[in-house]
Amino acid sequence: MPYRFDTKCVHGTPDRAYRDGVRSVSFPIYQSATFAHTEVGHGQFNYTRQDNPTRLQLEETVAALEGGADAVAFASGMAAIAAVFELLKPGDQVICSEDLYGGTTRLFNNISKKNGLQVTFVDSTDTDLVRAAITPATRAIYIETPSNPMMNVTDIRACAELAHGAGALLIVDNTFLSPVFQQPIPLGADLVVHSGTKYLAGHNDTISGFVVTATRELGDAIRLIGKTTGGMLAPFDSWLVLRGIKTLSLRMERIGQSALTLAEALQKNPHVKQVYYVGLPEHPGYAVNRRQATGAGGMLSFRVDSRETAERVLKGVRVIAFAESLGGTETLLTYPLTQTHDVVPAEMRERLGINETLLRLSVGVEDVRDLLEDLEQALEG
Ligand SMILES: *Cc1c(COP(=O)(O)O)cnc(C)c1O
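Rules and cut-offs
Residues numbered from 1 in each chain as written. Predicted model: local features only at pLDDT ≥ 70, side-chain atom pairs only at ≥ 80, totals over all residues. Heavy atoms only, no water. Pairing = 2+ DSSP bridges. Helix = DSSP H or I, 4+ residues; strand = E, 2+ residues; numbered from the N terminus. Axes fitted to C-alpha atoms, helices over the stretch in contact; angles between N-to-C directions. Contact = heavy atoms within 4.5 Å. Near = heavy atom within 4 Å. Polar contact = N/O pair within 3.5 Å; in protein donor to acceptor, adjacent residues only side chain to side chain. Areas by Shrake-Rupley, 256 points an atom, 1.4 Å probe, with all protein chains shown as cover. Nonpolar A, V, L, I, M, F, W, Y, C, P; charged D, E, K, R; others polar. Buried < 20%, exposed > 50% of the residue type's maximum accessible area, 1.4 Å probe, protein only. Disulfide = S-S within 2.5 Å. pLDDT = per-residue confidence, 0-100. Salt bridge = Lys/Arg side-chain N within 4 Å of Asp/Glu carboxyl O. Core = buried A, V, L, I, M, F, W, Y, C linked by side-chain atoms within 4.5 Å. Left-handed = near helix turned anticlockwise from the far one by under 90°. Expected span 1.5 Å × (residues − 1). Arc of directions from axis to C-beta.

1. Observations regarding the sheet that holds strand β6 (residues 191-195)
- Spatial ordering of the open sheet is given by β1-β7-β6-β5-β4-β2-β3, a layout of seven strands whose pairing is mixed. The sheet is open, and its two edges are formed by β1 (70-74) and β3 (118-122), each paired on a single side. Taking each pair of neighbouring strands and ignoring which way they run, the sheet shows an average axis angle of 20 degrees.
- Pairing of β1 with strand β7 (residues 209-213) involves five bridges; the strand directions are antiparallel. Bridge pairing in β7 links A71 to V212.
- Contacting β2 (93-97), β3 and β4 (138-144), helix α4 (residues 102-112) runs over the sheet at an angle of about 150 degrees to β3.

Shown next, in the form of structure tokens:
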């Protein structure tokens, strides 16, 4: 009997439950570098860089949640994203959203280009601009939706059609909505990447990343890259993410409700000029997000009236932490200009609207009334 989504969060997949033989309810941490074989050709596992039971349990759980054929767990989101671009070769072109996680922009500009990839940044919310960027060398389209930090929404199905028409892969960073709200593979994506550090692990306590693949062949290719370059997730960290995923649905449900409450309240605050939240009907990406996702998630950005107000809020929050990162139980407020997006070229930042008045909020699972009061007192000063 196939498990439904929330059951998969708790138990993984039916065939893998109780893999360890003693029927421990919490999956064990196989803290071993290597595994013995009984005779030549008889060994279930080999060496933990290559394969490990705790990591495999996690990988199968994440593949099941995303509707993928396979998933590979890496030591960080960036290690996962870097592994994906090892699928390409010099001369290949990648078309990507211009409003990306800062570390991904840094990867493209500092590593991928040096390795001979042509990287073309476009406003992927406009499918015509993606189509216009396609050349005979296009091998991948890389998108984030909603994007970081401007919450721009890109049409996944339309990009999948464009990619496949060009013989290219569609890669979607699904960190922001998590598989609870959005599953790009059934919509046509070939690869989904995650910073597992965020909602999947969910407690601001570990770094991890995933590549989920639509086919077994792509999974084998990513496994070969992971095993060769060595950025695989350690057994203990795999266990932490497995534990985090047990409450993924519960957390996302609460976080989504609280984010909408805060977005609506911030819109009414006199110091707030604009709120960017995909769950607000006036958001330009609202309709597309409704078509391809079942929720708007817990990330929102807002623009205040001045740099002074921005700095006052960052200094004045008490329940909320002024910290980089997102997706955990604790609510975090980030200053994209100097934190997550400082590596994005200034000209691009300005065009995207990432400036001194923009703040980004990752809503956690605290009582939303405490969060609202905290933001209001910090805005008031
Ligand atoms: C954090 C993040 C990453 C990078 O993941 P790490 O786990 O920090 O390496 C990639 N994409 C998005 C959208 C992120 O938020």
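2. Side note on the site of the ligand
- Around the ligand, a shell composed of S76, G77, M78, I81, Y101, D173, T175, S195, T197, K198, S208 and L326 is seen.
- At 2.9 Å from an oxygen atom of the ligand is found a main-chain nitrogen or oxygen belonging to M78.
- Protein chains shield 93% of the accessible area of the ligand, which is 380 Å² for the free molecule.
- Classifying every residue of the shell around the ligand by side-chain character gives four nonpolar, six polar and two charged.

3. Structural notes on the sheet that holds strand β8 (residues 272-276)
- Read from one edge of the open sheet, five strands run β8-β9-β12-β11-β10, paired in mixed fashion. In the strand order of this sheet, the two ends are held by β8 and β10 (321-322), each with one partner.
- Relative to strand β12 (residues 358-362), strand β9 (residues 299-304) runs antiparallel, the two being bridged by five bridges. Directly across from F302, in β12, lies its bridge partner L359.

4. Description of the pairing of β7
- By the criterion of burial, β7 is predominantly enclosed, with five of the five residues buried.
- Here β6 runs beside β7; their pairing, made up of five bridges, is antiparallel. Counted as the bridge partner of V193 is V211 from β7.

5. Overview of the state of the cysteines
- Evaluation of the coordinates by the stated rule reveals zero disulfides.
- In this structure C159 is a free cysteine whose sulfur lies 12 Å from that of C96, the closest cysteine sulfur available.
- Take C159: its relative accessible area is 0%, and that puts it in the buried class.

6. Topic: the confidence of the model for the protein chain
- On average, the protein chain scores 96 in pLDDT, and the residues at 70 or more come to 99%.
- Helix α13 (residues 346-352) is the least confidently modelled element of the protein chain, averaging 86 in pLDDT, while β7 averages 99, the highest of any element.

7. Re the pattern of salt bridges
- Counted under the stated rule, the structure contains 12 salt bridges.
- A salt bridge links R307 to E311, with the nearest nitrogen and oxygen atoms 2.8 Å apart. Note that R307 and E311 are positioned in helix α12 (residues 307-316) at a spacing of four residues, about one turn of the helix.
- Taking the relative accessible area as the measure of exposure, R307 reaches 29% and is therefore partly exposed.

8. Regarding the nonpolar core
- Counting residues in each nonpolar core, the largest one holds 67 residues, and the members touching the most others are L58, L300, F302, L333, L359 and L361.
- Sorting elements by how many residues they give to this core places helix α10 (residues 248-267) first, with seven residues.
- Membership of the second largest hydrophobic core comes to 26 residues, among which are F74, V84, V193 and M232.

9. Structural notes on the packing of helix α3 (residues 77-85) against α4
- Look at α3 against α4: their axes get within 11 Å of each other, and the N-to-C directions meet at 35 degrees. Once α3 is placed against α4, the crossing between them reads as right-handed. Residue-level contacts link M78, I81, A82 and F85 of α3 to G103, T104, L107 and F108 of α4.
- Across the contact of α3 with α4, the residue classes break down as six nonpolar, two polar and no charged.

10. A few points about helix α14 (residues 368-380)
- Between its first and last C-alpha atoms α14 spans 18 Å; for 13 residues at 1.5 Å apiece the expected length is 18 Å, and the two agree.
- Every buried residue of α14 is accounted for by L371, D374, L375, A378 and L379. Buried residues in α14, looked at end-on, bunch into an arc of 125 degrees, giving them a common side. In α14, those exposed residues whose orientation departs by more than 90 degrees from the buried face are R369, E373 and E380.
- On the buried face of α14, the contacting elements are α10, β8, β9, α12 and β12.
- In the stretch just after α14, G381 is the one whose phi turns positive, near 80 degrees.

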